[in-house]
Amino acid sequence: LTRWAVAALLAVVIGLGLFFTVSTEARAAFLGWIRQQYETFYVYTFAGSNDNIKPVHYELGRVPEGFTFSTVFEIAGGESYIYSGPNGEVGEFGYSVAPEGIALYIEVAECEHRTVTINGLPGDLYVPKDRSSRTELFWVDDATGTIFTLGFQVDPEELISIAETIQVKSD
């Protein structure tokens, strides 16, 4: 009887693995945000369920030295905050909570990719080879279906430190 139970469990695991490998929709519904590479771009898409998602608003706890808030605008399921730097640089913090049909793109041909952790959440850090460009950070909270983006022309360690200051906005 034990061999039959192990064989049945193995068949279920293999079957689910094949199903999630073949079906992008099944993977997305199970995982939420998915990152896929297309030539020189990474594309982040959300195809999971956004049922019972309560709107939450986030803000940065601090910004890099010399940067000041410029504007905020609504994006699908969230907001994008724009900051101006002392030498004309543009910084950005954005988030999107389980939006249907949205895709976020990042050009990575001239970047080094690092896997990082932000407050216990998995993330992707894109460090440009040309230091005159922004370092970009994407990380996901699967529990809430939220993707966060942060991009400033600062050292990678400082960008991670800033990301760790994200907080729920008090209205």
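Numbering of residues begins from 1 in every chain and follows the order in which that chain's sequence is written. Where totals are concerned, whole chains, interfaces and linings use all residues; where local detail is concerned, this predicted model gives features only for residues with pLDDT of at least 70, and gives and counts side-chain atom pairs only at 80 or more. Side-chain measures were taken over the full set of non-hydrogen atoms in the model, leaving aside hydrogen atoms and water.

1. Notes on the overall build of the protein chain
Here is step 1: Only DSSP runs of H or I covering at least 4 residues are called helices, and only runs of E covering at least 2 are called strands; the numbering of each starts at the N terminus. A tally of helices and strands in the protein chain yields three helices and twelve strands.
Here is step 2: The cut-offs for exposure are 20% and 50% of the maximum accessible area for each residue type, with area from a 1.4 Å probe on protein chains only; residues under the lower value are buried, those over the upper are exposed, and the others partly exposed. Each of the 171 residues in the protein chain was classed as buried or not, and the buried ones make up 39%.
Here is step 3: It only takes one pair of heavy atoms within 4.5 Å for two residues to be counted as in contact. Taking the contacts inside the protein chain whose residues are at least 6 apart along the sequence as the reference set, 47% of them involve residues at least 24 apart.

2. Things to note about the environment of serine 84
Here is step 1: Along the chain, the position of serine 84 falls in strand S5 (residues 78-84).
Here is step 2: Beyond its immediate sequence surroundings of up to four residues, serine 84 is in contact with Gly66, Phe67, Thr68, Ser70 and Glu89.
Here is step 3: Of note is the side chain of serine 84, whose polar atom sits 2.5 Å from the side chain of serine 70. N or O atoms within 3.5 Å of each other form a polar contact, as long as, within protein, one can give a hydrogen and the other can take it, and as long as residues adjacent in sequence are counted only when both atoms are side-chain atoms.

3. Considering the pairing of strand S9 (residues 121-128)
Strand residues, when the strand is regular, have side chains that alternate between the two faces of the sheet.
Here is step 1: Of all eight residues that make up S9, six are buried, and the element is covered over most of its length.
Here is step 2: In this description, strands pair whenever DSSP reports at least two bridges between them. Of the strand pairs in this sheet, strand S8 (residues 111-118) and S9 are connected by eight bridges, and their pairing is antiparallel. Opposite isoleucine 118, over in S9, you have leucine 121 as the bridge partner.
Here is step 3: Between the end of S8 and the start of S9, which pair antiparallel, lie two residues, with asparagine 119 showing a positive phi angle near 50°.
Here is step 4: Where S9 lies against strand S10 (residues 135-141), four bridges are found, and the strand directions are antiparallel. When the bridges of S10 are listed, tyrosine 126 appears paired with glutamate 136.

4. A few points about unusual backbone geometry
Here is step 1: Not every positive phi belongs to a glycine, and asparagine 119 is a case in point at roughly 50°.
Here is step 2: Summarising the element assignment, asparagine 119 is placed in the loop between S8 and S9.

5. Side note on the pattern of salt bridges
Here is step 1: Whenever a carboxyl oxygen of Asp or Glu lies within 4 Å of a side-chain nitrogen of Lys or Arg, that contact is scored as a salt bridge. Inspection of every chain in the model, using the stated rule, returns two salt bridges.
Here is step 2: With a shortest N-O distance of 3.0 Å, glutamate 112 and arginine 114 are connected by a salt bridge.
Here is step 3: Classification of glutamate 112 by relative accessible area gives partly exposed; the value is 38%.
Here is step 4: Relative accessible area serves as the criterion here: at 26%, arginine 114 is assigned to the partly exposed category.
Here is step 5: Where arginine 134 meets glutamate 136, a salt bridge forms, and the shortest distance between an N and an O atom there is 2.8 Å.

6. Some words on the environment of leucine 125
Here is step 1: Structurally, leucine 125 can be placed in strand S9.
Here is step 2: Residues leucine 125 and threonine 135 lie ten residues apart in sequence; the distance between their C-alpha atoms is 7.4 Å.
Here is step 3: Those residues within four positions of leucine 125 in sequence are excluded, and the remaining contacts are Glu112, His113, Arg114, Val116, Thr135, Glu136, Leu137, Pro156, Leu159 and Ile160.

7. Description of the sheet that holds S10
Here is step 1: Taking strand neighbours across the sheet as the criterion, the seven strands line up as S4-S5-S6-S11-S10-S9-S8 in an open arrangement whose pairing is antiparallel. Every interior strand has two partners, whereas the edge strands, strand S4 (68-75) and S8, have only one. Each neighbouring strand pair of the sheet contributes to a mean axis angle of 15°, computed without reference to strand direction.
Here is step 2: Pairing of strand S6 (residues 90-97) with strand S11 (residues 146-152), which is carried by six bridges, proceeds in the antiparallel orientation. In the sheet register, tyrosine 95 faces S11, and the bridge partner there is phenylalanine 148.
Here is step 3: Every axis in this analysis is a line fitted to C-alpha atoms, fitted for helices over the stretch in contact. Angles between the N-to-C directions lie between 0 and 180 degrees. Across the face of the sheet, helix H3 (residues 156-163) comes into contact with S8, S9, S10 and S11 while running at roughly 35° to S10.

8. What about the confidence of the model for the protein chain?
Here is step 1: Values of pLDDT, which run from 0 to 100, indicate the predictor's confidence residue by residue. Per-residue confidence for the protein chain gives a mean pLDDT of 76; residues scoring 70 or more make up 62%.
Here is step 2: Element-level mean pLDDT values for the protein chain span from 42 in helix H2 (residues 24-31) up to 96 in H3.
Here is step 3: Here residues 5-31 is a poorly scored stretch, pLDDT under 50, and it has 16 contacts once near neighbours within four places are set aside; other chains count.

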